[in-house]
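# Descriptive structure summary
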Amino acid sequence: MKTLLTFLLIVMTAFCSMAAEPPTIVEIDKDGVQRVEMLGSEYFFKPGHIVVKINVPVEIKVRKDALIVPHDFVISAPEAGISINESLSRDPKTFFFTPGKVGKYPIYCSKKVPFMKSHREKGMEALLEVVE
Ligand SMILES: [Cu+2]
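The notes below deal with the structure included here.

The rules we used
Residues numbered from 1 in each chain as written. Predicted model: local features only at pLDDT ≥ 70, side-chain atom pairs only at ≥ 80, totals over all residues. Heavy atoms only, no water. Pairing = 2+ DSSP bridges. Helix = DSSP H or I, 4+ residues; strand = E, 2+ residues; numbered from the N terminus. Axes fitted to C-alpha atoms, helices over the stretch in contact; angles between N-to-C directions. Donors = N, O, S within 2.8 Å, 3.2 Å for Na, K, Ca; no water. Tetrahedral: all angles 85-135°; square planar, octahedral: opposite > 155°, others 65-115°. Buried < 20%, exposed > 50% of the residue type's maximum accessible area, 1.4 Å probe, protein only. Phe/Tyr/Trp six-rings, centres within 6.5 Å; stacked < 30°, edge-to-face > 60°.

For the rest of this paragraph, the subject is the sheet that holds strand β3 (residues 44-46). The strand order β3-β2-β5-β8 describes an open sheet built from four strands, whose pairing is mixed. Both outer strands of the open sheet, β3 and β8 (93-97), are each paired with one neighbouring strand and no more. With direction set aside, neighbouring strand axes in the sheet form an average angle of 25°. Where strand β2 (residues 34-41) meets strand β5 (residues 58-64), seven bridges bridge the pair, whose relative direction is parallel. Across the sheet, the residue bridging to V36 is I60, located in β5.

Coordination angles at a metal have ideal targets, namely 109.5 degrees for four tetrahedral donors and 90 or 180 degrees for six octahedral donors. Coordination of the copper ion by the protein comes from H71 (ND1), C109 (SG), H119 (ND1) and M124 (SD), over a distance range of 2.0 to 2.8 Å. Coordination at the copper ion comes from four donor atoms whose angles at the metal span 82 to 136°, giving a geometry best classed as irregular. The motif formed by the donor residues of the copper ion, counted along the single chain, is H-x37-C-x9-H-x4-M. Placement of the pair is H71 in the loop between β5 and β6 (72-77) and H119 in the loop between β9 (103-108) and β10 (125-131), with a sequence separation of 48 residues. Look at H71 and you get buried, because its relative accessible area is 1%.

Our focus in this paragraph is the packing of aromatic side chains. A full pass over the atoms with the stated rule returns two aromatic pairs. Between F45 and F73, the ring centres sit 5.8 Å apart and the planes meet at 90°, which makes this aromatic pair edge-to-face. Here the residue F45 occupies a position in strand β3, and F73 occupies one in strand β6, the gap between them amounting to 28 residues. Residue F45 is classed as buried on the basis of its relative accessible area of 4%. Under the relative-accessibility criterion, F73 is labelled buried at 0%. Their ring planes at 10° and their centres at 5.1 Å tell us that F73 and F95 sit as a pair that is stacked. Pair noted here: F73 is in strand β6 and F95 is in strand β8, with a separation of 22 residues, a long-range link. As far as burial versus exposure is concerned, F73 and F95 are alike and both buried.

Set out below in structure tokens:
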């Protein structure tokens, strides 16, 4: 019983600390580009919430740390001028776009094994927030 309680406490603490992660405000470099690095792993993206300015170019460098499990990187927000759907590798891949519309857009991995939950359902989703 005590073991179970300890286990529950650890799980809840881990869950709460994830939920409380503050958003990453992406800074604008001297050359006018907003640069951020992300990691895709089982089953999350880190950071899990990035905030960028509208109409300022964004450069996202993404890698995965998994050896075998395939992951990809998807942002489908054509209304904001963002359409990315690329598989990830251990070598970072760099994606460029200029967000043209304020809003909150999901970043996710679309990989899924038949009859299993998708990676996105398992938590491999992040948030791209575009602000004024
Ligand atoms: Cu994945």
